[in-house]
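# Structural characterization, general
Listed here are the chains, written in short residue letters.
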Amino acid sequence: MITENLTPLWRIVFKQVWFAYCADSMPIGCAIFDDDELLVAVGRNSIYDNRGKGLVQLHQLGHAEINALLKVSKHQYPNLANFIMLSSLEPCPMCIGAFAMSRIKTLYFAATDLVAGSKELISKSKYISEKELTVLGPDKRFQFLQIAILAEFVQHKRPSEVNFLFAQWRQTDTLAVDLGIRWFRDGYLIELKKMYVAKQISYDEIFDELISIKAV
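To start, this report covers the structure provided alongside it. (Residues numbered from 1 in each chain as written. Predicted model: local features only at pLDDT ≥ 70, side-chain atom pairs only at ≥ 80, totals over all residues. Heavy atoms only, no water.)

Moving on, we get to the sheet that holds strand S4 (residues 106-111). An order of S2-S1-S3-S4-S5 is seen for the 5 strands of this open sheet, with the pairing classed as mixed. If you trace the sheet from one side to the other, it starts and ends with strand S2 (39-44) and strand S5 (134-136), each paired once. The average undirected angle you get between the axes of adjacent strands in this sheet is 15°. By the bridge criterion, 4 bridges tie strand S1 (residues 29-33) to strand S3 (residues 84-89) in an arrangement that is antiparallel. When the bridges of S3 are listed, Ile-32 appears paired with Met-85. In this fold helix H1 (residues 7-22) packs onto S1, S2, S3 and S4, with an angle of close to 45° to the strand it touches most, S3. Running at roughly 60° to S4, helix H6 (residues 140-157) makes contact with S3 and S4 of the sheet. (Pairing = 2+ DSSP bridges. Helix = DSSP H or I, 4+ residues; strand = E, 2+ residues; numbered from the N terminus. Axes fitted to C-alpha atoms, helices over the stretch in contact; angles between N-to-C directions. Contact = heavy atoms within 4.5 Å.)

Set out below in structure tokens:
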């Protein structure tokens, strides 16, 4: 099932991105939808925290896709092949492998990841290629937002890796990286986080504001 309008689904995925950011973990999110586009499971990155409902926490394997995929199985959902998975960032080798073995056939990702993204495994691995999977991405509008949030976050959490990460992400969207640097310097996302935690602003308001920001 290939959906025509992904925006409402991306809104759900980026809620997990925001939750991960607020929990001080890598801001990456994932969601799985059934063949009627109804939400079945969500997951967010939790490698740095144990504040969420993910099944893998405070562990280097606590990726958004893993935390979403562990919530669905062929025993619960015999029609998994008709489901779709959306990830805010191109999945790494581990997550591409987990997707391939999950029985879900369709994956969308918002942002290309030249650091660990591994969509090429879909065609290069004989085992995976025989599964006839569909992997689609990036979605340029949401790619911009994902990279900007990541760029802001790593300056707080992984400063020693900033030069390497920025060099990779700039090949995909240099303006998004520049925006992330600006957000870090002016404290924009941190202020939004404080307002969200204080319940002065809703997630939907945050999403609408962030997605409206244009590259300058």
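Here the narrative resumes, following the displayed structure.
Once that is clear, we can look at the pairing of S4. When you tally the buried positions in S4, you get 6 out of 6 residues, the bulk of the element. Taken together, the 5 bridges between S3 and S4 define a ladder with parallel strand orientation. By the bridge assignment, Leu-89 is partnered in S4 with Ala-111. Summarising the sheet, S4 and S5 pair through 3 bridges and their orientation is parallel. Bridging from a neighbouring strand, Tyr-108 pairs with Leu-136 of S5. (Buried < 20%, exposed > 50% of the residue type's maximum accessible area, 1.4 Å probe, protein only.)

Let's shift gears to the environment of Ile-32. Mapping Ile-32 onto the fold places it in strand S1. Separated by 58 residues in the primary sequence, Ile-32 and Glu-90 place their C-alpha atoms 15 Å from one another. Excluding anything up to four places from it in sequence, Ile-32 contacts Leu-38, Leu-39, Val-40, Ala-41, Ala-68, Leu-69, Val-72, Phe-83, Ile-84, Met-85 and Ile-104.

It is worth spelling out the packing of aromatic side chains at this point. To describe a pair of aromatic rings, you give the distance between the ring centres and the angle between the ring planes. Taken as a whole and judged by the stated rule, the model has 11 aromatic pairs. The aromatic ring of Tyr-48 is capped on one face by Lys-157, whose charged end is 4.8 Å from the ring centroid. (Phe/Tyr/Trp six-rings, centres within 6.5 Å; stacked < 30°, edge-to-face > 60°. Lys NZ or Arg CZ within 6 Å of the ring centre and 35° of its normal.)

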